[in-house]
Amino acid sequence: MNPEQQIKELREELREHNYKYYVLDNPVISDYEFDLKLKQLQELEAAHPEFYDPNSPTVRVGGEVTKNFNTVTHEFRMYSLDNSYSKDDLLDWVKRIRKLVDGEIQYTCELKYDGASMNLTYENGKLIRAVTRGDGFQGDEVTTNVKTIKSVPLQLKGDYPEKFEMRGEIVLPFEGFKKMNLERIDIGEEPYRNPRNTASGSLKLQDSSEVARRPLEFLWYSMKANRLPVATQYESLQKAREWGFKVPEVAKLCKNLDEVLEFIEYWDVHRHEMPYETDGVVIKVNQLQQQEELGYTAKSPRWAMAYKFKAESAVTVLNKITYQVGRTGAITPVANLEPVQLAGTIVKRASLHNADQIAKLDIREGDTVFVEKGGEIIPKITAVDTSKRAPSTPPTQYIEHCPECETPLERKEGEAQHYCPNTDGCPPQIIGRIQHYISRKAMDIEGLGGETVALLVTNGLIKNYADLYDLTMEQVIPLERMAEKSAENLVKGIGASKQIPFERVLFALGIRYVGETVAKKLAKHYKSIDALMEASAEMLVNVDEIGERIAESVITFFASEDNKTIIRRLKDYGVQLEISAEKLANQTDKLQGNSFVVSGVFEQVSRTELKKLIEDNGGKVSGSISGKTSYVVAGEKMGPSKRTKAEELGIPIISEEDFLAMIS
Ligand code: AMP
Ligand code: ZN
């Protein structure tokens, strides 16, 4: 096969797999196989630039940087929607439109997805432009970023019109949002407030490869053209699906207002089961002919109406504001509430975020407050009922000293958060850093848990993570609930962590803004801690994906004499502070992005070797089977429960030979 043909076939194949995975949620090949094909295509394209295609599946990984987003005028204006809040509002609307059109009116009901609206222009089946709503007349062109969103088709299938526009909402599903936030918190970044703002903010990132990493989705809701090949909104839903768009299945054709109300009632309750945020229902007159007759007001179509769900809120009393100190010293004020029932759970605490938020709400202890649950991880306080406040209640004074160590707090210019600067003497910071060091993604120390770390610190046995390596059984046994066996496991576990590879040690050090990915990048680039410590800020920012903020944080960390001492000690204990030569020779990223569970006994390699092979080739080893597992490598005498679980979840079970072939 000639390269042109090969490129063409690979593109088609990848397009189809992408569609099955992200639009149908029904992948038929493993991530690993997908990545292999993608890599193959990337290589072919690099070798044959003459076959460049701006819509090749390879553009989805991003990489292009947009410095300025151009303003583009919409060919068809992007209107707002009128809102309604009750059955009566809807009745009024239906009465109004009945007077304006002849014949029966049917409605298509869809959920109102809460994200950022997006207009996509297609010509001859190819995506040529993506523009935000902006003011409705003009928006910003964000094509490069939108191309990385996997549910946006770059090449359509079927009988699409020559030129037309597709509209939909870009959302960030809850699960991906939570995951992004956990990672941010872990490296000392402030978590994002809600999925909607994060989704729209993502579209304006300059680096499209960063957008590619965010699990954004495009949910289709309408099409526009001078002449459309459909007669109703409901038909256009079906067409959009055929052409390759993700159209949520919940949309329903309703014959009359009663059916519309039924739809609303059902989804008012069940919307919490949706994987992304929804804030209402959009009701659209189904016949396009009738839509045309109804037309538009200055702001919105007469033929559509949004029904807004009431945000689930509750009223309760704020008993006390307390302050938490995180591993990085960041202070978070927490509202301790009189327990109250909200959206199916009992709420006792809400985040107040920072001093500005407290001032903005003018919230005081003893206040009656409104609590809401949105996309946030914990509920938020939206307002204070000041009419219920006793006149003598004093305004909240934000603390000036650390609640744990009394050190005066600091606040950097431009940052919302207060910090306790007593990095080395503030107990929650000390404990937090060591807990991070031993955590699963870092040094993964078996036999040592977060609570024991706190005990070791409060008993004065350790002050930093280097101290762990000096611990003896005799020191540990007298601790509360510490049997001899557990003390032995603890010391063993600490010893075993000396085998953990450099990139994970680097992550474990807990340098602010150095998450797993950044640590890997730095380890790969510098190969040893000595080389990294010698790097200047200018050198650091020249490393792919390392920005000024990270560079500055790395420099500050290694400038500290205390940290230098700790590093020196870690080196003496034998912790891996460089990539070993043997490892450098054997490492690949062939298994990148795949998670493996190993079960049973093997012939050619030991279990430990097998696990090491997985990690050396960029894969992850996990102890239990879940939806996230890519493969189960099964040896002889594989556990029957593991087998059943894998079969239930449809996870491929491969043999030792299959695995070795994968990495050969
Ligand atoms: P609003 O911003 O409140 O005027 O509401 C209009 C916006 O709702 C549109 O710009 C869309 O981005 C968004 N929207 C979400 N879901 C839908 C849907 N199913 N149909 C139409 N618009 C929707
Ligand atoms: Zn402190």
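Overview of the structure. (Residues numbered from 1 in each chain as written. Chains lettered and ligands numbered in written order. Predicted model: local features only at pLDDT ≥ 70, side-chain atom pairs only at ≥ 80, totals over all residues. Heavy atoms only, no water.)

Here the focus is the pattern of salt bridges. For the coordinates displayed, the defined rule picks out 37 salt bridges. Residue Glu189 is joined to Arg549 by a salt bridge in which the shortest nitrogen-to-oxygen separation is 2.7 Å. Taken together, the positions of Glu189 in the loop between α5 (174-186) and α6 (195-203) and Arg549 in helix α20 (residues 548-559) put the pair 360 residues apart, joining distant regions of the chain. The buried category is assigned to Glu189, whose relative accessible area is 13%. (Salt bridge = Lys/Arg side-chain N within 4 Å of Asp/Glu carboxyl O. Helix = DSSP H or I, 4+ residues; strand = E, 2+ residues; numbered from the N terminus. Buried < 20%, exposed > 50% of the residue type's maximum accessible area, 1.4 Å probe, protein only.)

On to the site of ligand 1, then. In the vicinity of ligand 1, the contacting residues are Ser80, Leu81, Glu110, Leu111, Lys112, Tyr113, Ser117, Arg133, Glu169, Tyr221, Val282 and Lys284. In the environment of ligand 1, a nitrogen atom lies 3.0 Å from a nitrogen or oxygen atom belonging to the backbone of Leu111. Within the side chain of Ser117, an N or O atom sits 3.0 Å from an oxygen atom of ligand 1. Alone, ligand 1 offers 500 Å² of accessible surface; in the complex the protein occludes 87% of this. Among the secondary structure elements, those contributing two or more residues to the shell around ligand 1 are β3 (107-113) and β10 (278-285). Tallying contributions element by element places β3 first for the shell around ligand 1, with four residues. (Near = heavy atom within 4 Å. Polar contact = N/O pair within 3.5 Å; in protein donor to acceptor, adjacent residues only side chain to side chain. Areas by Shrake-Rupley, 256 points an atom, 1.4 Å probe, with all protein chains shown as cover.)

For the rest of this paragraph, the subject is the sheet that holds β10. Across the sheet, five strands lie side by side as β2-β11-β10-β3-β9; this open sheet has mixed pairing. Whereas interior strands pair on both sides, the edge strands pair on one side only; in this sheet they are β2 (83-84) and β9 (252-254). Across five bridges, the pairing between β10 and strand β11 (residues 304-308) is antiparallel. When the bridges of β11 are listed, Gly280 appears paired with Lys308. On the sheet, helix α8 (residues 233-243) packs against β3, β9 and β10 and is oriented at approximately 55° with respect to β3. (Pairing = 2+ DSSP bridges. Contact = heavy atoms within 4.5 Å. Axes fitted to C-alpha atoms, helices over the stretch in contact; angles between N-to-C directions.)

As a further point, take the environment of Gly623. Along the chain, Gly623 falls in the loop between β18 (620-621) and β19 (631-634). Of the residues examined, Gly623 reaches a relative accessible area of 62% and is grouped as exposed. Residues Gly623 and Ser599, 24 residues apart in the sequence, show an inter-C-alpha distance of 9.1 Å. With near-sequence residues (within four places) excluded, Gly623 lies in contact with Val597 and Lys642.

Working note: a packed helix pair is described by the angle between its axes plus the distance between those axes. Orientation of helix α3 (residues 87-100) relative to helix α9 (residues 257-270), taken along the N-to-C sense of each, is 150°, at an axis distance of 12 Å. By the criterion of interaxial angle, the relationship of α3 to α9 is roughly antiparallel. Handedness of the α3/α9 crossing: right-handed. Taking contact as the criterion, the partners of Lys87, Leu90, Leu91 and Val94 in α3 are, on α9, Leu257, Leu261 and Ile264. For the contact of α3 with α9, the residue count by class is six nonpolar, no polar and one charged. (Parallel < 35°, antiparallel > 145°, perpendicular 65-115°, else oblique. Left-handed = near helix turned anticlockwise from the far one by under 90°. Nonpolar A, V, L, I, M, F, W, Y, C, P; charged D, E, K, R; others polar.)

It is worth spelling out unusual backbone geometry at this point. Its identity is not glycine, yet Tyr513 carries a phi of approximately 70°, on the positive side. Tracing the backbone through its elements, the reader meets Tyr513 in the loop between α16 (502-508) and α17 (516-526). A positive phi angle, near 65°, is found at Lys527, a position not held by glycine. Take Lys527: it is sitting in the loop between α17 and α18 (529-534). Judged by its relative accessible area of 36%, Lys527 falls in the partly exposed class.

Before going further, it helps to examine the pairing of strand β12 (residues 313-325). Here β12 runs beside strand β15 (residues 368-372); their pairing, made up of five bridges, is antiparallel. Looking at β15, one finds that Thr316 is bridged to Val369. Here β12 runs beside strand β13 (residues 331-342); their pairing, made up of seven bridges, is antiparallel. Counted as the bridge partner of Val325 is Ile331 from β13.

Taken together, the side chains of Glu603, Glu636, Glu657 and Asp658 present a region of like negative charge at the surface. Position of Asp658 among the secondary structure elements: in helix α25 (residues 656-663). Taking relative accessible area as the criterion, Asp658 reaches 40% and is therefore assigned partly exposed. (Patch = residues over 30% accessible without salt bridge, like charges linked within 9 Å, V, L, I, M, F, W, Y side chains within 5 Å. Lys, Arg positive; Asp, Glu negative; His and termini not counted. Charge placed at Lys NZ, Arg CZ, Asp CG, Glu CD.)

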